[in-house]
Amino acid sequence: MQIYIDTASIEDIRAASDMGVLDGVTTNPSLVAKEGVDFHDRLKEICDVVPGPVSAEVVSTESDGMLEEAKPLLEIADNIVIKLPCTVDGLRACKHLSSNGVRVNMTLCFQPLQAMLAAKAGAFLISPFLGRLDDLGQDSMDLIQQIRTIYDNYGYETKVLAASVRHPMHLVECALVGADVATVPFKVIQQMMNHPLTDSGLKKFLDDWAAMNTPSSG
Ligand code: G3P
């Protein structure tokens, strides 16, 4: 499963990239607003660090505006992916962009038919949101499973990108049901490599080694 980082923080992106396992980046208007930086400048910085797909979201709600916004974003770097909402206007813009060789990430997906239409419109990525469904008491993993089955049934090449990931168990379940990608906050990327038995086991190994190599006072 590919791992993207879900942030606009350049420090977190650099730190995740240094771990050697980062495949791409997703941003959204809320994440960029939190950083208080110029959107285009930040995207350029991100693309200089990460060669994989970097999703940049439009804020227009009509397809013509989405296509206008996409133009300068696509000039930033070759690895920019245009992120559009799962609306009829988003679908129309997706079809236009993907027909012209532009990679599109269809975001805010909460039901499998949105994912089916996004695939038919040529989307590169579909982003079902896990945490926000869980917040409503719905089992988000059912959605990933349904999209996986539909895509496999019809050979759609759109990649399933699990978004709104809140904790490591989301990632375990996504990997088990066959999500292609998960986009993950930096905190959760760090948690992926943690286990208290690893820490205590390592401490015991190092303590035993040090004891063997410490000259006895007698
Ligand atoms: O990738 C979408 C993500 O940023 C939304 O996450 O935690 O705000 O639902 P969250």
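About the cut-offs
Residues numbered from 1 in each chain as written. Predicted model: local features only at pLDDT ≥ 70, side-chain atom pairs only at ≥ 80, totals over all residues. Heavy atoms only, no water. Near = heavy atom within 4 Å. Polar contact = N/O pair within 3.5 Å; in protein donor to acceptor, adjacent residues only side chain to side chain. Areas by Shrake-Rupley, 256 points an atom, 1.4 Å probe, with all protein chains shown as cover. Nonpolar A, V, L, I, M, F, W, Y, C, P; charged D, E, K, R; others polar. Pairing = 2+ DSSP bridges. Helix = DSSP H or I, 4+ residues; strand = E, 2+ residues; numbered from the N terminus. Axes fitted to C-alpha atoms, helices over the stretch in contact; angles between N-to-C directions. Contact = heavy atoms within 4.5 Å. Expected span 1.5 Å × (residues − 1). Buried < 20%, exposed > 50% of the residue type's maximum accessible area, 1.4 Å probe, protein only.

Enquirer: Looking at this structure, how should I read the site of the ligand?
Expert: As a matter of local geometry, the ligand sits amid Asp6, Asn28, Phe129, Arg132, Ala163, Ser164, Arg166 and Thr183. For the ligand, an oxygen atom lies 3.0 Å from a polar atom in the side chain of Asn28. One nitrogen or oxygen atom from the side chain of Ser164 is found 2.7 Å from an oxygen atom belonging to the ligand. Relative to its unbound accessible area of 310 Å², the ligand is 80% covered by the protein chains. When grouped by side-chain class, the residues that make up the shell around the ligand number 2 nonpolar, 3 polar and 3 charged.

Enquirer: Before we go on, may I ask you to explain the sheet that holds strand β3 (residues 54-57) in this structure?
Expert: Through backbone hydrogen bonds, the strands of a sheet pair up, either in parallel or in antiparallel fashion. Spatial ordering of the closed barrel is given by β1-β2-β3-β4-β5-β6-β7-β8, a layout of 8 strands whose pairing is parallel. Averaged over all pairs of adjacent strands, the angle between strand axes in this sheet comes to 30°, irrespective of strand direction. Here β3 runs beside strand β4 (residues 80-85); their pairing, made up of 4 bridges, is parallel. Bridge pairing in β4 places Glu57 opposite Lys83. Lying over the sheet, helix α6 (residues 112-120) contacts β5 (104-109) and β6 (125-128), oriented at roughly 165° with respect to β5.

Enquirer: How should I be thinking about helix α4 (residues 63-76) in this particular structure?
Expert: Every α-helix winds through 3.6 residues per turn, so residues three or four apart in the chain are directed the same way. Helix length check: α4, at 14 residues, gives a terminal C-alpha distance of 21 Å against a target of 20 Å (1.5 Å per residue), a fit within 8%. On the buried face of α4, the contacting elements are α3 (39-49), β3, β4 and α5 (88-99).

Enquirer: In this structure, what is going on with unusual backbone geometry? I would like to understand it.
Expert: When glycine is set aside, most residues are seen to have a negative phi, and most peptide bonds are trans. For Leu108, which is not a glycine, the phi torsion comes out positive at approximately 60°. Along the chain, Leu108 falls in strand β5. The class for Leu108 is partly exposed, based on a relative accessible area of 33%. Look at Ser164: it is not a glycine, yet its phi comes out positive at around 55°. Mapping Ser164 onto the fold places it in the loop between β7 (159-162) and α9 (168-177).

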